Amino acid sequence: MRMRNLVPILYILFLMLPIYWLVAMSFKTTNEILSGFSLFPQTWTFENYIAIFTDPTWYWGYINSIIYVTLNTVISVSVALPAAYAFSRYSFVGDKHLFFWLLTNRMAPAAVFALPFFQLYSAVGLFDTHLAVALAHCLFNVPLAVWILEGFMSGVPKELDETAYVDGYSFPRFFMTIFLPAIKSGVGVAAFFCFMFSWVEMLLSKTLTAVEAKPIAAVMTRTASSAGYELGLLAAAGTLTIIPGAIVIYFVRNYIAKGFALGRV
Amino acid sequence: MKTQNQRAWFFVLPVLLLVAFNALIPMMTVVNYSVQETFGDNLFFWEGLRWFQEVLQSERFHNALGRQFFFTFMILIIEIPLGIAIALSMPKKGPWVPVCLVLMALPMLIPWNVVGAMWNIFTLPDIGLLGYFLNHTLGISYDMTQDPVAAWVTIIVMDVWHWTSLVVLLSYAGLVSIPNAYYQAAEIDGASNWAVFRFIQLPKMKTVLTIAILLRFMDSFNIYTEPFVLTGGGPGNSTTLLSIDLVKIALGQFDLGPAAAMSLIYFAITLLTSWLFYTLMTKDDNKA
C-alpha cells in the first residue's frame, strides 16, 4: 500500500521540478545565473519582477492577454448556451452533421489557420485588436463550450423543462431562473476551459497582433530572441503566467476530467 | 426521445455564424492558394493540382510527416500506460486527492510558449537543473542544441510532462465511477490484481481511454509552439514536426501554394480522426 502511494508522489515531483527551476531562476540575479550552477538562489532578488511591473511593454502584455481571454470566454459561453440547449433537447434537420462539423474545428491545427486569419482579420480592419484574438480563439473554444455544455445539459432530466412549461413559465424565464442554476457547474467548467485554451494558445494570438494588443507570449519571445541572455527576466515572466491558471483551477478541480472529455464522462 | 423542432436552428445560428466566419472563409483562402501560383502583386496563375503532387512527392514532406508520426506514436505509447498506472495507484478518496488533482493539472494550464521556455531553461547544459545533473553529476554528455537524439528525447519527455496528467485525470474519473460492489465480488471470487484490472477496471475505463487516446493523438499531431520554442525544429531539421514545417513554408518562405496544399492534406487527417472520435462518442450516447 505504501509502495503504491509512492507512484503519484514521484510523478508530482517530476511535474514540479521544471516549475521549481523556473521559479528559482526568476529570483536569481543575472550574474548568478551566468556564473554557474546553484540549486537555490544565493542572493534573492526581486529585480526581475520589479522590471516587469515597471515596464509598460511587459505589464501591458499581461493586461492584453487577460482582456482577450476574458472577451473570448464571455463570447464563447454566451453563444454556446442556446446552441447546446438546442442540441441536447431538440432534433432538427442537420443537427448531427453540425455537431460533427463543430468538433472538426476543435481538432483543427492552428498552424493551418495562421496565415488566412492574418489576411481575414486585416481585411475586416480588426488586425491588432483584442477582439480579433478573442474571435479567432472562438474557432476552437466555441465548439468546446458547446460540447461540454451539451454533456452537462443532457444530464438534466427533460421533465424539468416540461414541468416549468406546465407551470406557465415562458422560455426565457425558465432558461434564466431554473435551467441555468441547474447546470451552473457546467457553465463554470465551460468557462474555465475557454479561459484555459485561450490563455495557453500562442501562435494565433501572436499572428493577429502587432503593438496595441500584443499578448504576453509575444513579449516573451521578443525578449528571448533579442536580448539573448536575460534568463532571469524570462523566468519571472513565465512564472507570472502560471498564476492565473493555478488560481482558477482550484474552483473546477472535481470537473477537470469531465471538461477534457468534452462533457462525456 | 428528443422533440422534433426546426426552430432550434435559431438557437444554433450565432454559433454557426461565428464558427463559419472563422472556419469557412480561411478554408476558402487556403483552397484558393492551393491551386494557384503567385509572384506577389496579387497576380495569380492557375496551377491545378501541381502543388498537391509536388507536396505529396517531396522528400521534405515525407520526412516531416514521418517525424510527426514517430513523435505521436512515442508520446502515446508512453503517456497512455503511464497515465493508467498513476491513476490506478491514486487513493480513491481522502483529503489529498484534490491536492493531487490540482498539482497534476498545473502543467496543462501553462502557456505553451512558457512550457517551451521552461524546458529550455531546465535543460541548459551548464546552468539548467537537468542539464547540469546529466552533464556534471552523471557525466553523460547532453546538449540538446547539438545532438538530435538528445533533442528528441527532450521534446518527448517535455510532452510526457505536459500531457500525461490528461490521461491520469480521465482514467481516474473512470476508476472512481466503479461501484465498490464490483471489487467486493472480485475479492470473494479470489481474483488476482491482474484479473481485477483486466476484467473490471479496464472495461470501465474504455470510454475515457478512447477519449484520451484520440485527444492526445489530435493535439500531438497539431503540436507547434512547445517544440518550436524549445528546439526551433533543430538541430538541423531533426525535430521539425509537421506544423513547424508548415509555418516555415507559409510564413518563412511565403510559398503559399505548397503550404496551402499541405494544409489541406493536414486537414484530411484531422477530419478522419474527428469522425472516428465522433462515431465512438455518439455510439456510447445511444446506448445510455
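Residues numbered from 1 in each chain as written. Chains lettered and ligands numbered in written order. Predicted model: local features only at pLDDT ≥ 70, side-chain atom pairs only at ≥ 80, totals over all residues.

The name recorded for chain B in an unreviewed UniProt entry is ABC-type sugar transport system, permease component, from Roseibium alexandrii. For chain B, the Sequence similarities (unreviewed entry) comment in UniProt is given as "Belongs to the binding-protein-dependent transport system permease family." (UniProt positions renumbered as here; feature names shortened; annotations may be inferred.)

Visitor: It is not clear to me how the overall build of chain B should be interpreted in this structure. Could you clarify?
Guide: Looking only at helices and strands, chain B has 13 helices and three strands in total. Considered along the principal axes of its C-alpha atoms, chain B spans approximately 75 × 70 × 30 Å. (Helix = DSSP H or I, 4+ residues; strand = E, 2+ residues; numbered from the N terminus.)

Visitor: When you look at the overall build of chain A in this model, what are you seeing that I'm missing?
Guide: When its secondary structure is counted, chain A shows 14 helices and one strand. The principal-axis extent of the C-alpha atoms belonging to chain A is close to 75 × 60 × 30 Å. Burial status across chain A gives 48% buried among its 265 residues. Long-range pairs, those at least 24 residues apart, make up 80% of the contacts in chain A with a sequence separation of at least 6. (Buried ≥ 20, exposed ≤ 12 C-beta atoms within 10 Å, placed from the backbone. Contact = placed C-beta atoms within 7 Å.)

Visitor: How should I be thinking about the environment of proline 172 of chain A in this particular structure?
Guide: Among the structural elements, proline 172 of chain A can be located in helix H9 (residues 171–182). Spatially, the C-alpha atom of proline 172 of chain A lies 21 Å from that of isoleucine 148 of chain A, the residues being 24 residues apart in sequence.

Visitor: I'm lost on the packing of helix H10 (residues 184–200) of chain A against helix H13 (residues 231–251) of chain A in this one. Help?
Guide: Two quantities define a packed helix pair, namely the angle between the helix axes and the distance between the axes. Residues and elements named next belong to chain A. Where H10 meets H13, the axes come as close as 10 Å, and the angle between the chain directions of the two elements is 165°. If you check the angle between H10 and H13, you find them roughly antiparallel. Between H10 and H13 the crossing geometry is left-handed. Facing Gly188, Phe192, Phe195, Met196 and Trp199 of H10, the residues of H13 in contact are Pro244, Gly245, Val248 and Phe251. In terms of residue class, the contact of H10 with H13 is made up of seven nonpolar, two polar and no charged. (Axes fitted to C-alpha atoms, helices over the stretch in contact; angles between N-to-C directions. Parallel < 35°, antiparallel > 145°, perpendicular 65-115°, else oblique. Left-handed = near helix turned anticlockwise from the far one by under 90°. Nonpolar A, V, L, I, M, F, W, Y, C, P; charged D, E, K, R; others polar.)

Visitor: When you look at helix H12 (residues 242–252) of chain B in this model, what are you seeing that I'm missing?
Guide: Three or four residues apart is the spacing at which side chains of an α-helix point the same way, because the helix has 3.6 residues per turn. Residue and element names in this part refer to chain B. Of all the eleven residues making up H12, eight are buried; the element is thus mostly covered by neighbouring parts of the structure. Residues of H12 that are buried include every one of Leu242, Ser243, Ile244, Asp245, Leu246, Val247, Ile249 and Ala250, and no others. Positive backbone phi, approximately 55°, marks phenylalanine 254, located one or two places after H12.

Visitor: When you look at the packing of helix H6 (residues 110–123) of chain A against H12 of chain B in this model, what are you seeing that I'm missing?
Guide: Contact geometry of H6 of chain A with H12 of chain B gives a least axis separation of 9 Å together with a crossing angle of 15°. Comparing their axes, H12 of chain B and H6 of chain A come out roughly parallel. At the point where H6 of chain A passes H12 of chain B, the crossing takes the right-handed sense. Here Ala111, Ala114 and Leu115 of chain A of H6 of chain A come into contact with H12 of chain B, specifically with Ser243, Leu246, Val247, Ala250 and Leu251 of chain B. Counted by class, the contact of H6 of chain A with H12 of chain B contains seven nonpolar, one polar and no charged residues.

Visitor: Help me out: how do you make sense of the nonpolar core in this one?
Guide: Among soluble globular proteins, nonpolar side chains are generally buried collectively. Residues Ala80 and Val146 of chain A together with Leu169 and Leu170 of chain B are the most contacted members of the largest nonpolar core, which totals 167 residues. The element contributing the most residues to this core is helix H7 (residues 130–154) of chain A, with 17 residues. (Core = buried A, V, L, I, M, F, W, Y, C linked by C-beta atoms within 7 Å.)

Visitor: Looking at this structure, how should I read the confidence of the model for chain B?
Guide: Interpretation of the predicted coordinates at a detailed level should be avoided for regions scoring low in pLDDT. Residue and element names in this part refer to chain B. Of the residues in chain B, 96% have a pLDDT of 70 or more, and the chain-wide mean is 85. Summarising per-element confidence for chain B, the mean pLDDT is lowest in strand E3 (residues 44–46) (72) and highest in helix H3 (residues 59–89) (92). As a predicted assembly, this complex carries a pTM of 0.87 together with an ipTM value of 0.86. (pLDDT = per-residue confidence, 0-100.)

Visitor: Would you mind showing me how to read the UniProt feature "domain: ABC transmembrane type-1" (unreviewed entry) in chain B here?
Guide: UniProt feature "domain: ABC transmembrane type-1" (unreviewed entry): in the numbering of this structure it lies at residues 65–277 of chain B. Note that residues 65–277 of chain B is 76% helix and 0% strand, and that its end C-alpha atoms are spaced 22 Å apart.

Visitor: Hey, could you run me through the interface of chain B and chain A in this one?
Guide: Quoted interface sizes are often the accessible area lost when the parts come together. Facing 75 residues of chain B, the contacting portion of chain A comprises 79 residues. Here the element with the most residues in the side of chain B that touches chain A is helix H1 (residues 8–34) of chain B; it accounts for 14 residues. Its residues assigned to classes, the side of chain B that touches chain A shows 58 nonpolar, 15 polar and two charged. Bridge analysis of strand E1 (residues 90–91) of chain A against strand E1 (residues 3–4) of chain B gives two bridges, and the strand direction is parallel. Paired with tyrosine 90 of chain A across the strands is threonine 3 of chain B, a residue of E1 of chain B. (Pairing = 2+ DSSP bridges.)

Visitor: Explain the environment of proline 143 of chain A here, please?
Guide: Residue and element names in this part refer to chain A. Position of proline 143 relative to the elements: it lies in helix H7. Proline 143 gets classed as buried once you count the C-beta atoms within 10 Å, which come to 26. Separated by 37 residues in the primary sequence, proline 143 and arginine 106 place their C-alpha atoms 6.1 Å from one another.

Visitor: Would you take a moment to explain the confidence of the model for chain A for this structure?
Guide: Averaged over chain A, the pLDDT score is 87; the fraction of residues at 70 or greater is 96%. Averaged pLDDT values over the elements of chain A bottom out at 72 in helix H12 (residues 216–226) of chain A and peak at 93 in helix H4 (residues 56–89) of chain A.

Visitor: Got a minute to help me understand the UniProt feature "transmembrane region" (unreviewed entry) in chain B in this structure?
Guide: Residue and element names in this part refer to chain B. Mapped onto the present numbering, the UniProt feature "transmembrane region" (unreviewed entry) falls on residues 7–25, 69–88, 100–122, 149–175, 207–225 and 256–278. With 100% helix and 0% strand, residues 69–88 has end C-alpha atoms that lie 28 Å from one another. Secondary structure across residues 149–175 comprises 100% helix and 0% strand; the distance between its end C-alpha atoms is 37 Å.

Visitor: I tried to follow unusual backbone geometry on my own but got confused; where do I start?
Guide: A negative phi holds for most residues other than glycine; trans holds for most peptide bonds. Unlike most non-glycine residues, aspartate 128 of chain A shows phi in positive territory, near 65°. Turning to its location among the elements, aspartate 128 of chain A is positioned in the loop between H6 and H7.

Visitor: So what exactly am I meant to see when it comes to the environment of phenylalanine 46 of chain A here?
Guide: All names here are of chain A. Topologically, phenylalanine 46 is positioned in the loop between helix H2 (30–35) and helix H3 (47–54). Of the residues examined, phenylalanine 46 has 11 C-beta atoms within 10 Å and is grouped as exposed. Considering only alpha carbons, one finds phenylalanine 46 and phenylalanine 195, 149 residues apart in sequence, at a separation of 29 Å.

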